[in-house]
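Structure assessment
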Amino acid sequence: MPVATFGSCFAQHIGKALKARDFNWLITEHSPLGMKPGSAQEFNYEVFSCRTGNIYTTSLLRQWTSWALEGKAPPDECWEASGRYYDPFRPAVERDGFESRDEMEKSRQVAIDAFCECIKRSKCFVFTLGLTESWVNATGGYEYPMCPGTVAGEFDESRHLFENQSFPVIRENLVASIEMMRQVNPDLKFLLTVSPVPLTATCSGKHVLVATTYSKSVLRAVAGDIAAERDFVDYFPSFEIINSPTFRGSFFEPNQRNVTAFGVDFVMSHFFDAFEEKIGKNQKGRARKRQKPAKEKRADEVCEEELLDAFGRRS
């Protein structure tokens, strides 16, 4: 079963885990021939199933899906700085920008075509919801993946507007995306997750702790609501596992924001245990193949053995 993975930054861990366990992680946009793995990662190849960059919101997912399936042309916008050209909708895929506007637009179209292929060829579409906060163009109504002026571009308060999306808006965009995809691939199934990574900053005017709680609560509610009413949509609780008080923050780096390799491995191991329980172990038993954690013991002295006891020991 070909599996496509997209979404916020945490989604990339699912793809890597699928690949490590010899599952069919669908890649429709490969790195150029001869490019070293480290460089490929740096230029955002095989981070997701194609080179879209992070898709943080359901409205961004709908935007990409419209470009891929409805033939809608992306907005005619390009950011230029020091003779280099940046894609407003993938500002981080080329760290130093493109050599020309034409190269940038062609690269974006390749990604759009590859995204379309993912929708048509995959049997399971994994999407990790990341943010409710978004930045839109006031005139065109389209959305940027991040605030202009952060990674690239220049911020203009008259053109770039902040929106903190509500439950109905997020749900409507996700449902619309799912329905568009199912029209061209009627058998496509979906697996939704919510990124456990908290916000590092907010434009909501609230404390970042309050903003994070709002964002994750709404996204979790949307994902659960849609999974409950559609038998071809499922939900996996990566957010709950990482943020459970049971684990005392042991899955986070010292900055208390980034998830450690140990935490990722713990989540993905439970993911594949649940997968095996739901559909049965495949012939090679690949669903139970685990990756060794980067560290056997966290800084707060909570080791894996204690965590397994707290969460429920595997057989």
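Bear in mind that the values here come from a model prediction, so they are computed numbers and not experimental data. (Residues numbered from 1 in each chain as written. Predicted model: local features only at pLDDT ≥ 70, side-chain atom pairs only at ≥ 80, totals over all residues. Heavy atoms only, no water.)

**Brief notes about the overall build of the protein chain**
Each helix and strand counted, the protein chain has nine helices and nine strands in total. Per-residue burial for the protein chain yields a buried fraction of 51% across its 315 residues. (Helix = DSSP H or I, 4+ residues; strand = E, 2+ residues; numbered from the N terminus. Buried < 20%, exposed > 50% of the residue type's maximum accessible area, 1.4 Å probe, protein only.)

**Quick notes on the pattern of salt bridges**
The full count for this structure, using the stated rule, is 16 salt bridges. Residues Glu 94 and Arg 51 are paired through a salt bridge, measuring 2.7 Å at the closest nitrogen-oxygen approach. Of this pair, Glu 94 sits in the loop between strand S3 (84-86) and helix H4 (101-121) while Arg 51 sits in the loop between helix H2 (37-42) and helix H3 (58-69), and the two are 43 residues apart along the sequence. Assessed through its relative accessible area of 16%, Glu 94 is described here as buried. (Salt bridge = Lys/Arg side-chain N within 4 Å of Asp/Glu carboxyl O.)

**As for the sheet that holds strand S1 (residues 3-7)**
Either a parallel or an antiparallel arrangement is found when strands of a sheet pair, and the pairing is made through backbone hydrogen bonds. One open sheet holds the four strands; their spatial order is S1-S4-S8-S9, and the pairing between them is parallel. In this open sheet, the two strands that pair with only one neighbour each are S1 and strand S9 (233-235). On average, each strand axis in the sheet is tilted by 20 degrees relative to the strand beside it, whichever way the strands run. Here S1 pairs with strand S4 (residues 124-129) via five bridges, running parallel. (Pairing = 2+ DSSP bridges. Axes fitted to C-alpha atoms, helices over the stretch in contact; angles between N-to-C directions.)

**Focus on the pairing of S4**
Across the six residues that make up S4, a large majority, six, are buried. Of the two faces of S4, the one carrying Cys 124, Val 126 and Thr 128 and the one carrying Phe 125, Phe 127 and Leu 129 are both buried. Bridging between S4 and strand S8 (residues 189-194) involves six bridges; their strand directions are parallel. Within S8, the position partnered with Leu 129 by the bridge is Val 194.

**Section: the packing of helix H5 (residues 167-184) against helix H6 (residues 208-229)**
Each pair of packed helices gets described by two things: the angle between the helix axes and the distance between those axes. The N-to-C vectors of H5 and H6 enclose an angle of 45 degrees; their axes lie 10 Å apart at closest approach. With respect to each other, H5 and H6 are oriented oblique. Handedness of the crossing formed by H5 with H6: right-handed. Counting all contacts with H5, which are made through Phe 167, Ile 170, Arg 171, Leu 174, Val 175 and Ile 178, the residues of H6 involved are Val 218, Leu 219, Ala 221, Val 222, Asp 225, Ile 226 and Glu 229. (Parallel < 35°, antiparallel > 145°, perpendicular 65-115°, else oblique. Left-handed = near helix turned anticlockwise from the far one by under 90°. Contact = heavy atoms within 4.5 Å.)

**Topic: the packing of aromatic side chains**
Counting across every chain of the model gives 21 aromatic pairs. Taken together, a centroid distance of 5.1 Å and an interplanar angle of 85 degrees make the contact between Phe 236 and Phe 271 edge-to-face. Here Phe 271 lies in helix H8 (residues 261-279) and Phe 236 lies in the loop between S9 and helix H7 (238-243), a separation of 35 residues in the sequence. Judged by relative accessible area, which is 9%, Phe 236 ranks as buried. With a centroid separation of 5.5 Å and an interplanar angle of 75 degrees, the aromatic rings of Phe 247 and Phe 266 are classed as edge-to-face. With Phe 247 in the loop between H7 and H8 and Phe 266 in helix H8, the pair connects residues that are 19 residues apart, well separated along the chain. The same class applies to Phe 247 as to Phe 266, namely buried. Three or more aromatic residues joined by ring pairs form one cluster here, namely Phe 6, Trp 64, Trp 67, Trp 79, Phe 89, Phe 115, Phe 125, Tyr 142, Tyr 144, Phe 190 and Phe 232. (Phe/Tyr/Trp six-rings, centres within 6.5 Å; stacked < 30°, edge-to-face > 60°.)

**Some thoughts on the pairing of S8**
Across the six residues of S8, five count as buried, placing the element largely inside the fold. As judged from the three bridges shared by S8 and S9, these two strands associate in the parallel manner. Its bridge partner being in S9, Leu 191 is matched across the sheet by Asp 234. Each parallel crossover has a hand, and for S8 linked through H6 to S9 it is right-handed. (Right-handed = clockwise from strand over helix to strand, strands pointing away.)

**Topic: the side chain of Thr 128**
With respect to the secondary-structure elements, Thr 128 resides in strand S4. A polar atom in the side chain of Thr 128 sits 2.7 Å from the side chain of Thr 193. Once residues within four sequence positions are removed from consideration, Thr 128 is found in contact with Phe 6, Gly 7, Ser 8, Phe 10, Ala 11, Ile 14, Ile 55, Thr 193, Val 194 and Ser 195. (Polar contact = N/O pair within 3.5 Å; in protein donor to acceptor, adjacent residues only side chain to side chain.)

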